[in-house]
Amino acid sequence: MDAKGNFSRVLPYDEITNFSEGLAAVRKTGKWGFINTEGKEVIPLQWAGVNPFSDGIAPVQLSAGDLPYFIDKTGRKAFDLPSGYRFVGPYSEGIAKVAANNLGGYMDKTGKIAIPAKYPNLGSFVNGMAIVVNAQNKYGFIDKTGKEVIPLSFDEAGDFSADGLAPVRQGTLWGFVDKTGKMTISLQYEVVSNFKNGVCAVRKGGKVGYIDTQNKEIVPLLFEDGKEFLDDFAAVKLNGKWGFANLNGKGKLVIPANYENVGKFYENLVFVKLNGKVGAINRAGATIVPFAYEDAGEFAGGIAYVKKNGKFGIVDNNGKEIIPTVCDAAGNYQNGKIAVIVSFKGYEVRALRK
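Source: prediction; values computed, not measured.

A.B. asks: Would you explain the pairing of strand E24 (residues 207-212) in this entry?
C.D. replies: Counted residue by residue, E24 has 5 buried out of 6 residues, so it is predominantly covered. Turn length for the strand E23 (residues 199-204)-E24 hairpin, with the two strands adjacent in sequence and antiparallel, is 2 residues, and the turn residue Gly205 shows positive phi of about 60°. Strand direction decides the pairing type here: E24 and strand E25 (residues 217-223), joined by 3 bridges, are antiparallel. Across the sheet, the residue bridging to Tyr210 is Val219, located in E25. Taken together, E24 and the strand that follows it, E25, pair antiparallel across an intervening segment of 4 residues, in which Asn215 is found at a positive phi of about 70°.

A.B. asks: For this particular structure, what's the right way to read the sheet that holds E24?
C.D. replies: Strands belonging to one sheet form pairs held by backbone hydrogen bonds; the direction of such a pair is parallel or antiparallel. Reading across the sheet, the 4 strands line up as E22-E23-E24-E25 and stay open at both edges, with antiparallel pairing between neighbours. Each of the sheet's edge strands pairs with one partner strand only, and the pair in question is strand E22 (191-192) and E25.

A.B. asks: Which parts of the structure should I look at to understand the environment of Thr184?
C.D. replies: Along the chain, Thr184 turns up in strand E21 (residues 183-189). Residue Thr184 is classed as partly exposed on the basis of its relative accessible area, which comes to 34%. Spatially, the C-alpha atoms of Thr184 and Thr213 are 8.5 Å apart, while their sequence positions differ by 29 residues. Other than its neighbours up to four places away in sequence, Thr184 contacts Leu165, Phe176, Val177 and Asp178.

A.B. asks: Can you walk me through the pairing of strand E11 (residues 95-100) in this structure?
C.D. replies: Looking along a regular strand, one sees the side chains alternate between the two faces of the sheet. With 6 of 6 residues buried, E11 lies mostly within the body of the structure. Both faces of E11 are covered, namely the face carrying Ile95, Lys97 and Ala99 and the face carrying Ala96, Val98 and Ala100. Pairing geometry for strand E10 (residues 86-92) and E11, over 4 bridges, is antiparallel. By the bridge assignment, Tyr91 is partnered in E11 with Ala96. Hairpin geometry of E10 and E11 is characterised by an intervening segment of 2 residues between the two adjacent antiparallel strands and by a positive phi of about 55° at Glu93. Alignment of E11 against strand E12 (residues 103-108), held across 6 bridges, turns out to be antiparallel. Bridged to Lys97 within E12 is Tyr106.

A.B. asks: Please clarify how the pattern of salt bridges should be interpreted in this entry.
C.D. replies: Close approach of charged atoms lets side chains of opposite charge pair. The tally for this structure, following the rule as stated, stands at 10 salt bridges. In this structure, Arg27 and Glu15 form a salt bridge, with 3.0 Å as the shortest nitrogen-oxygen distance. Residue Arg27 is found in strand E3 (residues 23-28), and its partner Glu15 is found in strand E2 (residues 15-20); the two are separated by 12 residues along the sequence. We classify Arg27 as partly exposed; its relative accessible area is 22%. For Glu15, a relative accessible area of 33% gives the class partly exposed. One salt bridge in this structure joins Glu228 and Lys196, with 3.4 Å as the shortest N-O distance. With Glu228 in the loop between strand E26 (225-226) and strand E27 (233-238) and Lys196 in the loop between E22 and E23, this residue pair connects regions lying 32 residues apart in the sequence. On the accessibility criterion, Glu228 (30% relative accessible area) is partly exposed. The class of Lys196 is partly exposed, set by a relative accessible area of 34%. Salt bridges here are not isolated pairs; linked through shared partners, they connect Lys196, Glu228 and Lys264.

A.B. asks: What is the right way to look at the sheet that holds strand E32 (residues 277-282) in this model?
C.D. replies: Pairing within the open sheet is antiparallel, and its 4 strands lie in the order E30-E31-E32-E33. With one partner strand each, in any of the chains shown, strand E30 (261-262) and strand E33 (287-293) form the two edges of the open sheet. Pairing of E30 with strand E31 (residues 269-274), which is carried by 2 bridges, proceeds in the antiparallel orientation. The residue of E31 that forms the bridge with Val262 is Val272.

A.B. asks: Which parts of the structure should I look at to understand the environment of Lys311?
C.D. replies: Here Lys311 is to be found in strand E36 (residues 311-316). Under the relative-accessibility criterion, Lys311 is labelled partly exposed at 31%. Sequence separation of Lys311 and Cys327 is 16 residues, and the distance between their C-alpha atoms is 5.3 Å. If we skip the residues at most four places from it in the chain, Lys311 touches Val306, Thr325, Val326, Cys327 and Asp328.

A.B. asks: I would appreciate a short explanation of the environment of Phe141 in the present structure.
C.D. replies: Its location among the elements puts Phe141 in strand E16 (residues 139-142). Looking at Phe141, the relative accessible area reads 1%, which means it is buried. Put simply, Phe141 and Ala166 are 25 residues apart on the chain and 9.8 Å apart in space, counted from C-alpha to C-alpha.

The rules behind the values
- Residues numbered from 1 in each chain as written.
- Predicted model: local features only at pLDDT ≥ 70, side-chain atom pairs only at ≥ 80, totals over all residues.
- Heavy atoms only, no water.
- Buried < 20%, exposed > 50% of the residue type's maximum accessible area, 1.4 Å probe, protein only.
- Helix = DSSP H or I, 4+ residues; strand = E, 2+ residues; numbered from the N terminus.
- Pairing = 2+ DSSP bridges.
- Contact = heavy atoms within 4.5 Å.
- Salt bridge = Lys/Arg side-chain N within 4 Å of Asp/Glu carboxyl O.

Set out below in structure tokens:
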């Protein structure tokens, strides 16, 4: 779609999914295939069911109820699902979750069982480690060889971040371990988030603040609630309302806590709710998109969808409504170039070039 809201192409499908790794699944007359970000049908419609691509592999079914087999991005068959297993997926870091006899294990990208099914519950691999849970509902971590590098001794756990730390809980308190299992931040917090870019939200004594990987308090525990920092801005709640704090300001409110709800900043704009209506503000707190909508999606490529009176449209980053709110549905399906609207004319799916 250009800056004036003109459609660049109409895609004649009954259904279209989110893009994943540059491809989106599309359905027409009961058959599924895949298109690329230009809207070109690169894998013909031939399957009764498909899943998104992950790590270059996608499971597909020729007929409803069939066991899936796996294709690559050319549409060629890569391998069959091993006998006795069902696919849980998705692939992450070259390994996917599979299950047999109500227990979970892992399969590699050649279809070989890499780690046998033996855990009642398990997570995907993230930063080289995966959460596994035993029959006693205790959490620990394995590496890609299947070795239990952190014993299954915790009541709950979260994935390892790129900072090399994972949140773990025993009883009612959370702390953090490193990849050797060393407790680098002791069990002391009521709630924690994952570290991102060296910063983590924590709750202690009913108040929320932010710490670094050394457990240094970089934003004081002053707030009722808080969300993760994104580009040095974090949404925080004070006296029942949301505003924004700046990491460099040591928690100083750079946008007052006046809002009933807030999203995250994307392309220097964020949708917020004021007096029951949604609009968008910039980093200075100035209104860019008027408070006239029921809902909205984040900005991407200079556009965002909005909802008014149950109908959807598109606004640009100047607050101009470039497609009126007359559509039945809209969503952020873009992957660099394309968003999707299901138009008010039945189920006609249109791709918008950004």
